Amino acid sequence: MASNQKILVVDDEPDIVELISYHLTKEGYQVHTASNGKEAIKTAKEVFPDLIILDVMMPEMDGIEACRLMRSMPEFKHIFMVFLTARSEEYSEIAGFHVGADDYIAKPIKPRALMSRINAILRRNASDTIEDEVADRLEIVDLVIDRDSFLVYRGDEKFVLAKKEFELLYLLASKPNKVFTREQILKAIWEDSVVVTNRTIDVHIRKLREKIGDHYVTTVKGVGYKFEDE
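As the structure is a computational prediction, the values presented were derived from the model and not from experiment.

*Asks:* Account for the sheet that holds strand β1 (residues 6-10), with residues named and values stated.
*Replies:* Here we have five strands laid out as an open sheet, ordered β2-β1-β3-β4-β5, and parallel in their pairing. Whereas interior strands pair on both sides, the edge strands pair on one side only; in this sheet they are β2 (30-34) and β5 (103-107). The mean inter-strand angle of the sheet, taken between neighbouring strand axes irrespective of direction, is 20 degrees. Sheet topology places β1 next to strand β3 (residues 51-55); four bridges connect them, and they run parallel. Bridging across to β3, Ile-7 finds its partner in Leu-51. Helix α2 (residues 37-47) rests against β1, β2 and β3 of the sheet, and its axis sits at about 150 degrees to β2.

*Asks:* I'd like a description of the packing of helix α6 (residues 163-174) against helix α8 (residues 198-212), backed by residues and values.
*Replies:* The geometry of α6 relative to α8 is characterised by a closest axis approach of 10 Å and an angle of 85 degrees between their N-to-C directions. Compared by their axis directions, α6 and α8 come out roughly perpendicular. Taken together, the residues of α8 that come into contact with α6 (itself represented by Lys-164, Glu-165, Leu-168, Leu-169 and Leu-172) are Ile-201, His-204, Ile-205, Lys-207, Leu-208, Lys-211 and Ile-212. Residue composition of the contact of α6 with α8, grouped by class: seven nonpolar, one polar and four charged.

Basis of the calculations
- Residues numbered from 1 in each chain as written.
- Predicted model: local features only at pLDDT ≥ 70, side-chain atom pairs only at ≥ 80, totals over all residues.
- Heavy atoms only, no water.
- Pairing = 2+ DSSP bridges.
- Helix = DSSP H or I, 4+ residues; strand = E, 2+ residues; numbered from the N terminus.
- Axes fitted to C-alpha atoms, helices over the stretch in contact; angles between N-to-C directions.
- Contact = heavy atoms within 4.5 Å.
- Parallel < 35°, antiparallel > 145°, perpendicular 65-115°, else oblique.
- Nonpolar A, V, L, I, M, F, W, Y, C, P; charged D, E, K, R; others polar.

Pasting the structure below:
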């Protein structure tokens, strides 16, 4: 059961809101609802949810704009935001990631898969809050990423990476399955440099894949990169 975690469900289709709310409540979450982006922002300011599930296409204010506005507010910078998208709406997924979405869930909604995804996202959010700022060593998939020595291990293998390559790998692996946009990567790793371009990131990703294998880091076309933990 969830420990009083709050989820805001935002969709203009009552049947979808009812379906999602039923399963979230059954799982033990506190559920709040809204039917458009404007209402979502108002409700979010009142309840400060742990997670916001946003439909993309809604009247008055769509999910993309609502997410963009909330991400510009300091109080919502660390709240997980997940989009509901139709399978044919690849453009919506890309737009969502660009404005700060953490993940997306495809329609039609499959309750069991939905709950598994939501539970995983909130577990990940909780562990990020506790561990990310102090973790000096990540153990993920079959890799050990040691921040003190700037070395990466896979069993008996040892990989020596350039400093920026290591920082890039560590950033992506610290939040597995989260898509980092190129802008987020540039700000996190090359913040003090004024001559770095998106091409620089692509080159570092290519070198990283050449050294440790190309199946860990996935390209999300038009958006950025993520570390796969499956």
